[in-house]
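# Chains, contacts and geometry: an overview
Chain residues, written in single-letter form:
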Amino acid sequence: MKLNIEGLLVYFPYDYIYPEQYSYMLELKRTLDAKGHGVLEMPSGTGKTISLLSLIIAYQRAFPLEVTKLIYCSRTVPEIEKVIEELRKLMEFYSKETGESNNFLALALSSRKNLCIHPEVSSLRFGKEVDGKCHSLTASYIRAQRHSNPNLPVCRFYEEFDAVGRQVPLPPGVYNLDDLKDFGRRKGWCPYYLARYSILHANIVVYSYHYLLDPKIADLVSKELAKKSVVVFDEAHNIDNVCIDSMSVNITRRTLDRCQNNVDTLQNTIHKIKETDAAKLREEYRRLVEGLKEANVARETDIYLANPVLPDEILQEAVPGTIRTAEHFVGFLRRFLEYLKSRLRVQHVVQESAPQFLKDIFDKVCIDRKPLRFCAERLQSLLRTLEIADIADFSAVTLISNFATLVSTYSQGFTIIIEPFEDRTPTIANPVLHFSCMDPSIAIKPVFQRFQSVIITSGTLSPLDIYPRILDFRPVTMASFTMTLARTCLCPLIVGRGNDQVALSSKFETREDFAVIRNYGNLLLEMSAIVPDGIVAFFTSYVYMENIVASWYEQGILENIQRNKLIFIETQDAAETSMALEKYQEACENGRGAILLSVARGKVSEGIDFVHHFGRAVIMFGVPYVYTQSRILKARLEYLRDQFQIRENDFLTFDAMRHAAQCVGRAIRGKTDYGLMIFADKRYARADKRGKLPRWIQEHINDGSLNLTVDEAVQLAKHFLRQMAQPFRQVRSTPATKGTEQVSTFVVWKGRWRHGYRCLNLAFQSQQLNNFVA
Amino acid sequence: MASLSEEVLLVVKKVRQRKQDGTLYLMAERIAWGPEGKDRFTVSHLYADIRCQKISPDGKAKVQLQLVLHTGESTTFHFANESSALKDREAAKELLQQLLPKFKKKANKELEEKNRMLQEDPVLFQLYKDLVVSQVISAEEFWANRLGGVNNTDPTLFNNKQEVGISGAFLADIRPQTDGCNGLRYNLTADIIESIFRTYPAVKQKYSENVPHNLTEKEFWTRFFQSHYFHRDRINTGTQDIFSECAKQDEKGLKSLVVQGVKNPLVDLLSLEDKTLDEGYGVSTTQPSTSNANRTVKESSNYAIIKRFNHHSAMVLAAGSRKGETPADQASETSSTDGNSRDSDFFQPPVKKVKLQEAIEYEDLQRENRPKTVALNLKKSDRYAHGPVPLQSQQYTTSQDIINSVNYIRHEMANYKPNLTQVVSSTAASSAIVALSPGGVLMQAGAQQAINQMVPSEVQGELKHLYVAAGELLRHFWSCFPVNTPFLEEKVIKMKSNLERFQMTKLCPFQDKIQRQYLSTNVSLQVSFSLVCVLSVVKNGVR
């Protein structure tokens, strides 16, 4: 159907639209109009992605000079592929409606592991291996060497692409990962490099967060993307953690040992080159004297996305003399390394700020701040000059140099913690230096600065105002949409007591209490008897789950549950868990029914959907607080309090509740879906916890379901399930008045009620549209 | 005794039933009991009818054996031979134990199913009475496309009974009981043993290797229950345990499953993340090492439990679907264990595509696509309600004719002059008035009296049954078209004779009865006539 969103003609590839989709588009349009950033929350399963795509593409078509590109970031590979498929659907609709094939180019970009078609390289199992192998075949100096020695192995796909691939742009269309591979096979071109090259002129790029947020990758892949792009971060409820992760560094003794080897290798290579090809090193030296002017010019003319690891100031200067020659630099690295080693020899925990660290390093080994800042850049230059084949081997020294640059660049927002041993095993020495970022805004700042509109969206972003605060940006729109429902297809219940009135809670003091564990078991047992097909249960941590499973096993609860359903349990091994997941789905599929025991914050809770019968009930055992004893967390909380005036408890609760919401939200993935959401902890009943749940869940928690016993919950659940099991009646009627008010006069109503909930079918009459456009 | 050529497997004398002494016979297909001194059986049950047997506890004074039938009835035999009562009972029990499972599978599932259907559906039951009991059609024909639905489409499916899965908790069902002197007693039934074998092929293999050459059956199971294999939380201690090998095999199986990976790309956690952080980056420290060296005893025992649960559930699931799916499974296995990624690429996209499509579908936003049906377009709905009238030779008129005749009539009307002398006689006129006034003969039909007020309900009921029965017969009849096999041809002929018989035995008597009793109420007659008409049309069609 065609929609009129404040004067913008939007093609929407379905015959009906949910009202929240309409309002979502409205808000989105306003954000784009204002050329600002937005935070939008809309429940999962209400067609967020298709609304986003429909509106932004319509906008792109209407104002091709205002918005040139859509950069859609999602979290997982399946998500990326889903977005592309939705896009394909939309594009098909466009060409059907308009009758012309549009010249949009949309493509997904993923790592080499998912795109490589080289028979040997692609058979490698791990991403890192694929990257390393690919690099050893395609690096520029390797290819240069091949001129003199044609026997060196070659990747024919890359050679072919390099020879002709850049001249002809990728023909317009929608390319998923498999399509790219197909195309690559047909042409004999490397799909990965083809995709990386094509994103520069593509209208729509779909890839993972890291390509924008991780400075190491963003610098390679995304820095030339156009400024007039709209960036969308979907499933962005965890975006702060992604930012922080990309800027944090951990250094262990093992890292230092490997680093030592790297430095030795560097030294040897330098010696060798000096004997054979001294001119090369001289050339490098000359380049470094001239400074990083090129990069600076590029950034000033706004061609490049800024790299937070490469701060502006250093671009204006030349690399300091102390580390300009290769030998000096290696010597400098050695000194730095020795210093780090000495720091790791501590017996007690040390926490210090970056300036403290810099002062200490100056006092101890006379390393100045300035050369440290150039460390990362200098190392890159050296590695290029020395023609190192396998960069992956030098990850340790790269890590150290990145650390050096970061620690000397940012005096705020980072902390250094040196722990001589793990808290749980105080007898085993395992010193670690954590250099951890506490300010997610550092990593994301270049994105906000460079791109015209950045949309942060997810099913669970409540409370909305916290994201602009911790990411330090000013949104022009912030909105949370609820889900219009024909039938209340979600049933949140807060179980606070066992049948014996024991308060249920996962809080530390009662964690080991047998009564609580037994009651939790009882809850699961009772639910397993009344809920059809699949149940997913989440625990607050892996250790907690292991303990509970063991004591349920001892008490014979698991045996009783097995009478009703099969039991599958998430393990720390991803491959094992994948298998368990598949078996779980199989058991749900064939009617036997199963229970999946899983962990909040785990991979399952973040990436796997339990649609329809794969999850008829989700049970959240306890409140998934992060492990609060960690020093890094404490430092971050302190920082949040000092810098953003966010109280520790507020943040902890916010963090726990967003994960809880993620977990329970896994079961409802659409309006035809239904599911129970059981919060098994009495603390959920408190207003401060409840209030932080997304609006669309909060709305359905009534006072009657706040502090239930297991039995009461079972009764309510039975009632709910019985109602939901009734055939879904389709009701039709005229649209409610509330809907009409939202719609401008150009919209002709063909409104209907569908599945009982309000869906507006808005359509232009061509006549009126013409009038309007004219 | 009874003149039977059956093979008698066991004879037990002095068995009382209903306080009467007698003899118990276990034959090849049934169990029977006859009172002493009589040469007939008063009790006789086919094995297939027996659901289970129960025995009295050992300590009881009376030594009894109870047979519970599928119908819910039960028969109790009391072994009264003082010296050998227990032995007799054991012998009978053992034999029954062997015999019953054989017949259990034969137990007439269909019959139960039919019974259930008849009980649940009163209309069907009535139909059954009307058609089968009155021998219009045979029971076989009646059920032929009733039970159908699933089975009828494919005769091979009909024989293919659904495999019964395994309870997930079968190990839990083996409740150990203390025997009072510091030991445990496990009760194993044939079902449980089968479950164990089906779920754990490794145990079955051990069983066939060791029993009876090395171990007796009892010893084998004793060891099984003592093994760490059975008690998942115990840490493997000795290697002399014959089941330690099973555990290793299971481990291997689990590993190979894990290595095989998953077919559904949406649940593959390994390829979920696009770009993982390089080693050394990120806030989360290295996971509290998962290597076994660092694990405490408790942790690794917990880990073992979790692993075993996953394995157990996977095995139970696999045991349920093992049969019938093997060829498909193997095919997919070969493709995925190949290891060559190009091959897996080749196989993967379809699954992936389908899953992705499923994931992005919003069915409720789409205009619903019902299967397209052709609307029934009735030009004359009264014809549909009353059945076809015998075709009359009609002269079709052209429009010119019609216009002419209209003109003619108009002309006639204009020139109409009543001829008052030649009207009807006064008597005829008054009788016509009477007939046309309320209560008159001709006004009865127009009085809009509902049929349910005019005829008693039993007649209506009968009519309804007849209607349904006729419908059923017609359904059978029409289902034969197009007649393209000799079998169908035969069936058509048969159905036609059935229809005729139905008309003779059911419709005609009913029609006569109605005519006799309710001559005036032509409404009900119409209905029954229309039935007859339908039948006659059908018969014409057959010819």
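Rules of the game
Residues numbered from 1 in each chain as written. Chains lettered and ligands numbered in written order. Predicted model: local features only at pLDDT ≥ 70, side-chain atom pairs only at ≥ 80, totals over all residues. Heavy atoms only, no water. Contact = heavy atoms within 4.5 Å. Buried area = accessible area lost by both parts, 1.4 Å probe. Salt bridge = Lys/Arg side-chain N within 4 Å of Asp/Glu carboxyl O. Polar contact = N/O pair within 3.5 Å; in protein donor to acceptor, adjacent residues only side chain to side chain. Helix = DSSP H or I, 4+ residues; strand = E, 2+ residues; numbered from the N terminus. Nonpolar A, V, L, I, M, F, W, Y, C, P; charged D, E, K, R; others polar. Axes fitted to C-alpha atoms, helices over the stretch in contact; angles between N-to-C directions. Parallel < 35°, antiparallel > 145°, perpendicular 65-115°, else oblique. Left-handed = near helix turned anticlockwise from the far one by under 90°. Domains from an automatic or database assignment. Pairing = 2+ DSSP bridges. Disulfide = S-S within 2.5 Å. Phe/Tyr/Trp six-rings, centres within 6.5 Å; stacked < 30°, edge-to-face > 60°. Buried < 20%, exposed > 50% of the residue type's maximum accessible area, 1.4 Å probe, protein only. Core = buried A, V, L, I, M, F, W, Y, C linked by side-chain atoms within 4.5 Å.

Listed as interface residues are 103 residues of chain A and, on the opposing side, 75 residues of chain B. Summing the contributions of chain A and of chain B, the shared interface buries around 8000 Å²; its carbon and sulfur component is 54%. In terms of surface lost to chain B, no three residues of chain A exceed Tyr553, Gln562 and Met579 of chain A, which account for 8% of the buried area on that side. Viewed at the interface, chain B and chain A are joined by 0 salt bridges. For the pair chain A and chain B, the number of links is 5 residue pairs in polar contact (both at pLDDT 80 or more). At 13 residues, helix H27 (residues 574-589) of chain A tops the list of elements feeding residues into the side of chain A that touches chain B. Classifying every residue of the side of chain A that touches chain B by side-chain character gives 34 nonpolar, 32 polar and 37 charged.

Moving on, we come to the packing of helix H13 (residues 253-276) of chain A against helix H20 (residues 375-385) of chain A. All names here are of chain A. Where H13 contacts H20, the two axes come as close as 11 Å, and the packing angle between them is 50 degrees. The angle between H13 and H20 places the two elements in the oblique class. For H13 against H20, the interelement crossing comes out left-handed. Two secondary-structure elements touch here, H13 through Leu266, Ile270 and Ile273 and H20 through Leu379, Leu382, Leu383 and Thr385. Among the residues forming the contact of H13 with H20, the class breakdown is 6 nonpolar, 1 polar and no charged.

Moving on to the domain arrangement of chain A. Residue and element names in this part refer to chain A. Domain annotation for chain A reports domain 1 (2-111 + 173-240 + 442-480), domain 2 (247-439) and domain 3 (490-725). Taken over C-alpha atoms, the centre of domain 1 sits 35 Å from the centre of domain 2. Tallying the contact residues gives 16 residues for domain 1 and 15 residues for domain 2. Carbon and sulfur atoms supply 65% of the area that domain 1 and domain 2 bury against each other, a total of about 1300 Å² over both sides. If you look at where domain 1 meets domain 2, you find 0 salt bridges. In this structure, the connection of domain 1 to domain 2 is made through 1 residue pair in polar contact (both at pLDDT 80 or more). When contributions to the side of domain 1 that touches domain 2 are tallied by element, the ones reaching two or more residues are helix H11 (215-221) and helix H22 (441-450). In terms of residues, the side of domain 1 that touches domain 2 owes the most to one element, H22, which gives 5 residues. Considered class by class, the residues forming the side of domain 1 that touches domain 2 number 9 nonpolar, 1 polar and 6 charged.

All names here are of chain B. The interhelical angle for the contact between helix H8 (residues 201-210) and helix H9 (residues 217-226), taken along N-to-C directions, is 145 degrees, at an axis separation of 11 Å. With respect to the hand of their crossing, H8 and H9 are arranged in right-handed fashion. Here Val203, Lys206 and Tyr207 of H8 come into contact with H9, specifically with Glu217, Phe220, Trp221 and Phe224. Looking at the contact of H8 with H9 residue by residue, the class counts come to 5 nonpolar, no polar and 2 charged.

Each strand in a sheet pairs with its neighbour through backbone hydrogen bonds, running either in the same direction (parallel) or in the opposite one (antiparallel). Residues and elements named next belong to chain A. Taking strand neighbours across the sheet as the criterion, the 7 strands line up as S17-S18-S16-S19-S20-S15-S21 in an open arrangement whose pairing is parallel. At either end of the open sheet lies a strand with only one pairing partner, and these are strand S17 (566-569) and strand S21 (708-709). With 4 bridges joining them, S17 and strand S18 (residues 594-599) adopt parallel strand pairing. The residue of S18 that forms the bridge with isoleucine 569 is leucine 597. Sitting on the sheet, helix H30 (residues 648-665) is in contact with strand S16 (534-539), strand S19 (617-621) and strand S20 (675-680), with an inclination near 155 degrees to S19.

Further remarks concern the state of the cysteines. Under the definition given, this model contains 0 disulfides over all chains. Unpaired in this structure, cysteine 491 of chain A has its nearest cysteine sulfur neighbour in cysteine 489 of chain A, at a distance of 11 Å.

All names here are of chain A. Counting across every chain of the model gives 40 aromatic pairs over all chains. Note on phenylalanine 12 and tyrosine 14: the rings are 5.8 Å apart at their centroids and 50 degrees apart in plane angle, and the pair reads as tilted. Residue phenylalanine 12 is classed as buried on the basis of its relative accessible area of 0%. Residue tyrosine 14 is classed as buried on the basis of its relative accessible area of 1%. For the ring pair tyrosine 175 and phenylalanine 183, a centre distance of 6.0 Å and an interplane angle of 75 degrees mean the geometry is edge-to-face.

One finds Tyr207, Phe233, Ile239, Leu340, Phe403 and Ile456 of chain A to be the most contacted residues of the largest nonpolar core, which totals 179 residues. Sort the elements by how many residues they give to this core and helix H17 (residues 326-344) of chain A lands first, with 10 residues. Not counting chain neighbours up to four residues away, the residues in contact with isoleucine 456 of chain A comprise Gly38, Val39, Leu40, Phe233, Ala236, Ile239, Phe448, Leu461, Leu471 and Phe473 of chain A. Core analysis: the second largest hydrophobic core is formed by 68 residues, Ile608, Phe610 and Cys663 of chain A together with Leu215 of chain B among them.

The next point concerns the pattern of salt bridges. All names here are of chain A. Overall, the coordinates contain 48 salt bridges over all chains when judged by the stated rule. For glutamate 85, the salt bridge identified is with arginine 88, shortest N-O distance 3.2 Å. With glutamate 85 and arginine 88 both in helix H3 (residues 77-98) and 3 residues apart, this pair spans about one turn of that helix. Residues glutamate 85 and arginine 88 agree in their burial class; the two are buried. One continuous salt-bridge network, built from bridges that share partners, spans Glu79, Lys82, Asp609, Arg666 and Arg669.

The next point concerns unusual backbone geometry. Residues and elements named next belong to chain A. Going from serine 462 to proline 463, the amide bond is cis rather than trans, its omega being -10 degrees. Structurally, the position occupied by proline 463 is in the loop between strand S13 (453-458) and helix H23 (466-471). The backbone of aspartate 472 shows a phi angle near 60 degrees, a positive value even though the residue is not glycine. Of note, aspartate 472 is situated in the loop between H23 and strand S14 (475-480). Positioned with a positive phi, aspartate 533 is a non-glycine residue whose angle comes to about 55 degrees.

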